[in-house]
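# Summary of the model geometry
The residues making up each chain are set out below.
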Amino acid sequence: MPDLQRRRWANAAAVYCFLLLLSILFMGPFLFAFLSSLKDNPTEWPPSLTVNQLRPANWAASYRLAKQGGGSGLWGGLAPGGSIDFEITYWTEEGREPAPPEVVIPKRVQGGAAAALSVEHWAADYVEVVGPYEISREPDQGGVLTTYSFTLVNKGDVPLKEVPMDLTVPMRQEFVSATLSPNRIERLGRTQSWNNVSSGLLPYVFSNYARVFRENYSVSTGKRLFLLWIRNSFFLAVTRVVTTLVFASMAGYALARLRFRGRNAVFGLLLFSMMIPQQVTFISNYLVLRDGVFGLSRLVGVPTLLNTYSGLIISGLVGASSVFIMKQFFERLPASLEESARIDGASTYTIFFRIFLPLAKPPLGALTILTFQGVWNEFFWPLVVITSPADKYPLTIGLLNLQRTYGAATFDWGPILAGTFISALPIIVLFIAFQQYFVEGISFSGNKE
Amino acid sequence: MRRVSAGRLGEKLAPYVLLAPFLFTLIVFFGYAFVRVVYFSFTNYDLFSKPEWVGLRNYLNIFRDPEFTRAMKNSLTFMVVVTAAQTMIALLLALFLNRKMRGIKFFRAAYYMPSVASSVVVTLIFIWFFQRRGVLNYVITRFQEYQVILALFVLLAAALQFVLVAWEKLRRRPVAIFEPSFLLLSLLVSFMIVFGLVRFGFILPREVAPVDIIWFNTTKTWPDFFGALAFPIPLGAIMLFNIWTTAPTFMLLYLAGLQDIPGELYEAAAVDGAEGWHMFWKITVPQLKPITFLVVTMGLIGTLQMFDQVAILGSQAPRSSTITLAYYIYTNLFPSSASPRVGMASAAAMFLALLTLVIVYAQRKVLGGENDA
């Protein structure tokens, strides 16, 4: 029946279409938030899918402008003696004489007062404007399009990182296009405003991302906070993965393959602990860390484990669910594995390290991913343990801090969204690379019965 | 001789040596912690001076605290709605994704994406999404503008689908009600007709003022007719994105379960003349029972612990509208402007622990069946 055969193909195609439609529901909010994290104003109304930062014309322009200014095309800058040629086109109705724009290099920097403190040289003090000159005029839809050109020259002897610019024209002279799209249009369309005309390609496209790194300084050490937070999270995640892998496989093996007094009690307590919310036991755990685990930490000269990574690591050496996963795995291996080794007189340790551990690669792989993801995303316990200084925050708590910084008066969503994507990036990369392990991890932890 | 006995002792101690690190965390950070919280719940304690025994007073006090009852209500509403919704959505997604097709793995990964990000990331993105002039309100505005047109589109598509399916049935050919290719055809044709009608001005979208739903900074509840059972709108918003992030995780569990169902069961049923829905209720659902049990248990435990979203929202939503039991415990231990009330926090924590155990036990009785160990 060729007819039914054809229908089967049509059905398959239709299912693909529906699968794609449905994936918009799951990926859509993420993708749209990512697009918006590139925008100058992520809360524009109506929300739009066009992003200046993603237009190839702007990529080329930002690269060219920075290159022409003597800086690096990718990273930007206006070198001493360097100059930037800029063109802008306006539309005026028939009978009105177009006026050249007033070009101002304002003393302005992205990120407000805090960022202004770190500026050493203001472009406003060094940059001279040559022009603007009218270079062309042509009729267009009941009006005229006039193009002006001007040049910005760095007359000082220092390289400038940021060259902001404002152009103002009289009322009813409409902005049409420019060498580089303006970041904002203000005063009912009269003023076109750029954050940095010599930004270079990468800082132009990822300006909100650059702001996250640039504008968050530690009060006490002056270091860049966001880099520290990323490093902290990596350190914590890697350490906890190592302790979890080692200790969970040891405990899982003992619970699964060895007979000893108290085995059932330990396993019972393990199951019980998996049901009790973290918010129950954290009251005592907070105190235990505060007192340095019954004063033991004083032996090494540390009065309290609050606000230390040792505290987070010791309290999270190995989780019950990780032990559970390893126990489930070791239980399923055949008994013959250890029997022959026992006859040969091998010790328990030898059997564990030489025979069982090498077999445990699949669950250990899944556990690595699960633990890394878990620690990277952990919020509640670090919030309790690490309260100050901001240098010590892991990324999740840092993001909360970021939200407070940029959300104090009105929400400046650009850097907040950018920060969330930077923090999600390692997990997304990990997920794409080790997808299979994520799935296995879920089903490993799922085999409870 | 001595070497042998030393070896024997080593062998005897081996399990404990291997278990030692885990036992340390389990006993200090769980066992001891649990016992100590039980003790604290009967005392008056502010973290600094000595605990003072007060008997059951903390338990009486938390029930007199309107904030606690509010938190309990919020937590229970959250638990019921989110667990039910995520379980059903997870099952439906798994059924939809359980096919052998090229590239199906890509779609599984795409659907799972919301689950890999941290609660902070997801919550921040959604706070942005739910802004007063945010994406969600924009989508709702557009939806209201096109309400009539959308209704027309759906009706037209349904009618077309009905005609197509009926036509096939008349010709005595096998066809499902939602035959994908027919559905796609109906949707496309209907879209083209409606698009044409709008394009040439036969029907126009309504003029609607931008929707101004305040999702977070509000004490309103919804739905109105539910009276005291209605949930606060900020909590509803949290529910929405929580379901969106957790459903895919459970979808993976269901997918694994579906792949374990032996195909012969369906073949045998087909021989007996069973149809799609019948097979679903008689084979799929019972076979998935252990998975459902697991998904519901994990869902209940997880939703009762909900804390992150509330803490991240912080002062952006009124306390009473979002407070949960976990957050209540936290804020009693670290109140912003008072001395810590460890006793109250511990009593609330014990209540949360008991509630979790009771609910998990009850659902085991209801759903557990032959899995009751």
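Residues take numbers from 1 onward in each chain, read along the sequence in its written order. Chains carry letters from A onward and ligands carry numbers from 1 onward, assigned in written order. Residues qualify for local features only when their pLDDT is at least 70, as the model is predicted, and side-chain atom pairs are given and counted only at 80 or more; totals for whole chains, interfaces and linings, by contrast, use all residues. Calculation of side-chain values draws on the structure's entire complement of heavy atoms; hydrogens and water are dropped beforehand.

## Some remarks on the overall build of chain A
What chain A contains, in helices and strands, is 19 helices and ten strands. Its C-alpha atoms give chain A a radius of gyration of 30 Å, clearly above 22 Å, the size a compact globule of 449 residues would have. Each principal axis of the C-alpha distribution contributes one length, and for chain A these read about 100 × 80 × 40 Å. Here's how the labels work: a residue is buried when its accessible area is under 20% of the maximum for its type, exposed when over 50%, partly exposed in between, all with a 1.4 Å probe on protein chains only. Evaluated residue by residue, chain A yields a buried proportion of 53% over its 449 residues. The contact rule is simple, with two residues in contact once any of their heavy atoms fall within 4.5 Å. A sequence separation of at least 24 residues applies to 70% of the contacts in chain A between residues at least 6 apart. Carbon and sulfur atoms make up 61% of the accessible area of chain A, which totals about 20300 Å². Runs of H or I in DSSP of at least four residues are treated as helices and runs of E of at least two as strands, each being numbered from the N terminus. Throughout, the radius of gyration refers to the C-alpha atoms, and the reference size of a globule is 2.2 Å times the residue count to the power 0.38. Using a 1.4 Å probe, the Shrake-Rupley method yields the accessible areas, and only the shown protein chains count as cover for residues.

## A few points about the pattern of salt bridges
Here the idea is simple: oppositely charged side chains can pair when their charged atoms come close. By convention in these notes, a salt bridge is any Lys or Arg side-chain nitrogen within 4 Å of a carboxyl oxygen on Asp or Glu. Tallied over the entire structure, the rule returns 23 salt bridges over all chains. A salt bridge links E134 of chain A to R137 of chain A, with the nearest nitrogen and oxygen atoms 2.9 Å apart. Classification of R137 of chain A by relative accessible area gives partly exposed; the value is 36%. A salt bridge links E145 of chain B to R142 of chain B, with the nearest nitrogen and oxygen atoms 3.1 Å apart. Here R142 of chain B and E145 of chain B lie together in helix α6 (residues 135-145), a separation of three residues that amounts to about one turn. On the accessibility criterion, E145 of chain B (18% relative accessible area) is buried. By relative accessible area, R142 of chain B is classed as partly exposed at 34%. Within this structure, R7 of chain A together with E168, R171, R173 and E179 of chain B form a network of salt bridges that share partners.

## Here's the deal with the pairing of strand β3 (residues 83-93) of chain A
Residue and element names in this part refer to chain A. Between any two strands, pairing holds if DSSP finds at least two bridges. Direction of pairing for β3 relative to strand β6 (residues 143-154): antiparallel, over a ladder of eleven bridges. Across the sheet, the residue bridging to W91 is L145, located in β6. As judged from the four bridges shared by β3 and strand β8 (residues 174-178), these two strands associate in the antiparallel manner. Bridge pairing in β8 links I88 to A178.

## Description of the domain arrangement of chain A
What marks off one domain from the next here is an automatic or database domain assignment. Under the domain assignment used here, chain A contains domain 1 (52-204) and domain 2 (225-446). The straight-line distance from the C-alpha centre of domain 1 of chain A to that of domain 2 of chain A is 51 Å.

## Description of the packing of aromatic side chains
Stacked, tilted and edge-to-face pairs are distinguished by plane angle, under 30 degrees for stacked and over 60 for edge-to-face with tilted covering the rest, among Phe, Tyr and Trp rings (Trp via its six-membered ring) whose centres lie within 6.5 Å. What the rule picks out here adds up to 68 aromatic pairs over all chains. A ring pair is formed by F294 of chain A and Y32 of chain B, whose centres lie 5.3 Å apart and whose planes are at 75°; its orientation type is edge-to-face. Of the two residues, F294 of chain A sits in helix α10 (residues 292-295) while Y32 of chain B sits in helix α1 (residues 2-40), which places them in two different chains. Taking relative accessible area as the criterion, F294 of chain A reaches 48% and is therefore assigned partly exposed. Each member of the aromatic cluster is reached from another via a ring pair, and the members are F30 and F32 of chain A together with F126, W128, F129, F130, W215, F216, F241 and W244 of chain B. Only Lys NZ and Arg CZ are tested; either one counts as a charge over a ring when it is within 6 Å of the ring centre and within 35 degrees of the ring normal. Seen from the ring of F267 of chain A, K327 of chain A lies directly overhead, with NZ or CZ sitting 4.0 Å from the centre. Positioned over the ring face of W45 of chain A is R133 of chain B, at 4.9 Å from the centre of the ring.

## A few points about the side chain of T147 of chain A
Residue and element names in this part refer to chain A. Within the secondary structure, T147 sits in strand β6. Exposure remark for T147: the relative accessible area of 11% places this residue in the buried category. Within the local environment of T147, its side chain forms a polar contact with the side chain of T89, the two groups lying 3.1 Å apart. Other than its neighbours up to four places away in sequence, T147 contacts E87, I88, T89, Y133, E134, I135 and S136. Throughout this description, a polar contact denotes any pair of N or O atoms lying within 3.5 Å of each other; where both atoms belong to protein, one of them has to be capable of donating a hydrogen while the other can accept it, and for residues adjacent in sequence the pair is counted only when both atoms sit in side chains.

## Some remarks on the sheet that holds strand β7 (residues 165-168) of chain A
Residue and element names in this part refer to chain A. Across the sheet, four strands lie side by side as β4-β7-β10-β9; this open sheet has antiparallel pairing. In this open sheet, the two strands that pair with only one neighbour each are β4 (102-104) and β9 (184-186). Looking at each pair of strands side by side, their axes are set apart by 20° on average, direction ignored. One ladder, built from three bridges, connects β9 with strand β10 (residues 191-194); its direction is antiparallel. Residue pairing in the sheet places E186 in a bridge with T191 of β10. Angles shown run from 0 to 180 degrees and are taken between the N-to-C directions of axes, each axis being a line fitted to C-alpha atoms and, for helices, limited to the stretch in contact.

## Points about the packing of helix α8 (residues 263-275) of chain A against helix α12 (residues 320-331) of chain A
Residue and element names in this part refer to chain A. At a minimum axis separation of 9 Å, α8 and α12 run at an interaxial angle of 130°. The pairing of α8 with α12 is recorded here as oblique in orientation. Handedness of the crossing formed by α8 with α12: left-handed. Listed contacts from α12 to R263, F267, L270, L271, S273 and M274 of α8 are A320, S321, V323, F324, K327 and E331. Throughout, the ten residues Ala, Val, Leu, Ile, Met, Phe, Trp, Tyr, Cys and Pro are labelled nonpolar, Asp, Glu, Lys and Arg are labelled charged, and all others, Gly among them, are labelled polar. Across the contact of α8 with α12, the residue classes break down as seven nonpolar, two polar and three charged. The cut-offs work like this: below 35 degrees is roughly parallel, past 145 is roughly antiparallel, 65 to 115 is roughly perpendicular, and the gaps in between are oblique. In this scheme the crossing of two helices becomes right-handed for a clockwise turn of the near helix relative to the far one and left-handed for an anticlockwise turn of less than a right angle.

## Points about the environment of G103 of chain B
All names here are of chain B. Along the chain, the position of G103 falls in the loop between α3 (66-97) and α4 (104-116). The class for G103 is partly exposed, based on a relative accessible area of 40%. Residues G103 and A228 lie 125 residues apart in sequence; the distance between their C-alpha atoms is 48 Å.

## Details of the interface of chain B and chain A
Facing the 105 residues of chain B at the interface are 103 residues of chain A. Using a 1.4 Å probe, buried area is obtained as the accessible area two parts lose upon being combined, added over both of them. In total, chain B and chain A occlude about 9300 Å² of area from one another, counting both sides; carbon and sulfur atoms represent 78% of this. When the area that chain B buries against chain A is broken down by residue, the three leading residues are L18, F29 and W128 of chain B, summing to 9%. Connecting chain B to chain A are three salt bridges. Among the ionic pairs, E168 of chain B bridges to R7 of chain A, the shortest N-O distance being 2.5 Å. On inspection of chain B and its partner chain A, the count reaches 19 residue pairs in polar contact (both at pLDDT 80 or more). Residue contributions to the side of chain B that touches chain A peak at 23 residues, all from α1 of chain B. Per-class residue counts for the side of chain B that touches chain A are 77 nonpolar, 16 polar and twelve charged.

## Section: the packing of α3 of chain B against α4 of chain B
Residue and element names in this part refer to chain B. Where α3 contacts α4, the two axes come as close as 11 Å, and the packing angle between them is 165°. The angle between α3 and α4 places the two elements in the roughly antiparallel class. In the crossing of α3 with α4, the sense of the turn from one axis to the other is right-handed. Contact with α3, carried on its side by L93, F96 and L97, involves I104, F107, R108 and Y111 of α4 and no other residues of that element.

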